[in-house]
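# Descriptive structure summary
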Amino acid sequence: TLQLQAYGALAYGAKGLGWYKFISREVPILAADDLGNWRGGPLNEFLEKSPNWEVMRRLNRKIQNLGPTMLKLRPDAVYHIGEVPDENRGPADGDLLKGMLSGTSFLVGEFTHEDDGARWMMIVNKDLKSSVSCRPDFRTPMKVQYLSPITGELKDFPDPWYYLAPGQGVLLKL
């Protein structure tokens, strides 16, 4: 769910991320209340690292590697493939994607780079149970690269072998 929250926000054009309730107990600042049953924060109620510590740490590192590029992208369109939530939309005629060749539940954000006008796309796997092969079905054939969340470098997109974990997103340069 942390991945879906982060990559989903980025697909919608967020320029920053923050995590609520980092510590799973009352916070000794600003007179914050003890929320009782809150759990799952990176630091547990005893201020020890929880299993979510490493999950969040890895996710933050990946987002940091995408950050310099994401900060230069202007959002153009956002749409859903598969189930479309209320007050949202599916792909339209003017969008870059017709759909996906595998999987059933995606969020797509389209962007334009402010420096060179290049088109970019964030595709997010909304399925929280299954990994899925990321196989975009473009309206016109395109050369596709992805920005590695590990190295921050552009690499050729290995269709059909690029898989998205549950909630994971990928940033594509078109």
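Remember, predicted model here, so these are calculated numbers, not experimental data.

Conventions used here
- Residues numbered from 1 in each chain as written.
- Predicted model: local features only at pLDDT ≥ 70, side-chain atom pairs only at ≥ 80, totals over all residues.
- Heavy atoms only, no water.
- Helix = DSSP H or I, 4+ residues; strand = E, 2+ residues; numbered from the N terminus.
- Contact = heavy atoms within 4.5 Å.
- Areas by Shrake-Rupley, 256 points an atom, 1.4 Å probe, with all protein chains shown as cover.
- Lys, Arg positive; Asp, Glu negative; His and termini not counted.
- Charge placed at Lys NZ, Arg CZ, Asp CG, Glu CD.
- Buried < 20%, exposed > 50% of the residue type's maximum accessible area, 1.4 Å probe, protein only.
- Pairing = 2+ DSSP bridges.
- Axes fitted to C-alpha atoms, helices over the stretch in contact; angles between N-to-C directions.
- Salt bridge = Lys/Arg side-chain N within 4 Å of Asp/Glu carboxyl O.
- Expected span 1.5 Å × (residues − 1).
- Bend = angle between axes of the 7 residues up to and from the residue.

### Focus on the overall build of the protein chain
Assigned secondary structure in the protein chain consists of two helices and 10 strands. Counting from the amino terminus, the protein chain carries its helices and strands in the arrangement α-α-β-β-β-β-β-β-β-β-β-β. Overall, the protein chain is about 55 × 35 × 30 Å in size when its C-alpha atoms are taken along their principal axes. If you take every contact in the protein chain between residues at least 6 apart in sequence, the share linking residues at least 24 apart comes to 62%. Accessible surface for the protein chain amounts to roughly 9900 Å². Of this, 53% is attributable to carbon and sulfur atoms. Side-chain charges in the protein chain split into 21 positive and 21 negative, and the spacing between the mean points of these groups amounts to 5 Å.

### Structural notes on the pairing of strand 3 (residues 106–113)
Judged by how many residues are buried, strand 3 sits mostly within the fold: eight of eight residues are covered. Covered by surrounding structure in strand 3 are Phe-106, Val-108, Glu-110 and Thr-112 together with Leu-107, Gly-109, Phe-111 and His-113, the residues of both alternating faces. One ladder, built from seven bridges, connects strand 3 with strand 4 (residues 119–125); its direction is antiparallel. Counted as the bridge partner of Phe-106 is Asn-125 from strand 4.

### A closer look at the environment of Thr-69
Tracing the backbone shows Thr-69 in helix 2 (residues 51–70). The class of Thr-69 is buried, set by a relative accessible area of 16%. For the pair Thr-69 and Leu-147, spaced 78 residues apart in the sequence, the C-alpha separation amounts to 8.8 Å. Not counting chain neighbours up to four residues away, the residues in contact with Thr-69 comprise Trp-120, Leu-147 and Leu-171.

### Brief notes about the sheet that holds strand 7 (residues 145–147)
One open sheet accounts for six strands, arranged 1-3-4-10-7-8; its pairing is antiparallel. Strands at the two margins of the open sheet, each flanked by one partner only, are strand 1 (73–81) and strand 8 (154–156). On average, each strand axis in the sheet is inclined to that of its neighbour by 30 degrees, with strand direction left out of account. The strands that helix 1 (residues 2–11) touches are strand 1, strand 3, strand 4 and strand 10 (169–173); relative to strand 4, the one it contacts most, it runs at about 150 degrees.

### Examining helix 1
Burial analysis of helix 1 places seven of its 10 residues in the buried class, the great majority of the element. Among all positions in helix 1, only Leu-2, Gln-3, Ala-6, Tyr-7, Gly-8, Leu-10 and Ala-11 are buried. Trailing helix 1 by a residue or two, Gly-13 shows a phi angle of about 100 degrees, which is positive.

### A look at the pattern of salt bridges
Scanning all chains against the criterion turns up nine salt bridges. Of the charged contacts in the structure, one is a salt bridge between Arg-57 and Glu-54, with a shortest N-O distance of 3.2 Å. Here Glu-54 and Arg-57 lie together in helix 2, a separation of three residues that amounts to about one turn. Classification of Glu-54 as partly exposed rests on a relative accessible area of 33%. The shortest N-O distance in the salt bridge between Arg-89 and Asp-95 comes to 2.6 Å. The partly exposed category is assigned to Arg-89, whose relative accessible area is 32%.

### What to know about the side chain of Asn-44
Note that Asn-44 resides in the loop between helix 1 and helix 2. Overall, the relative accessible area of 16% leaves Asn-44 in the buried class. Once residues lying within four places of it in the same chain are set aside, the contact partners of Asn-44 are Ile-23 and Ser-24.

### So, helix 2
Taking 1.5 Å per residue as the helical rise, helix 2 with its 20 residues ought to reach 28 Å, and the 28 Å between its terminal C-alpha atoms agrees with that figure. Of all bends in helix 2, the biggest is about 30 degrees, found at Gln-64, and the proline Pro-68 comes one to four residues later. Looking only at helix 2, the buried set comprises Met-56, Leu-59, Ile-63, Leu-66, Thr-69 and Met-70. Check the buried side of helix 2 and you find it contacts helix 1, strand 1, strand 3, strand 4, strand 7 and strand 10.

In short, geometric facts, not functional conclusions.
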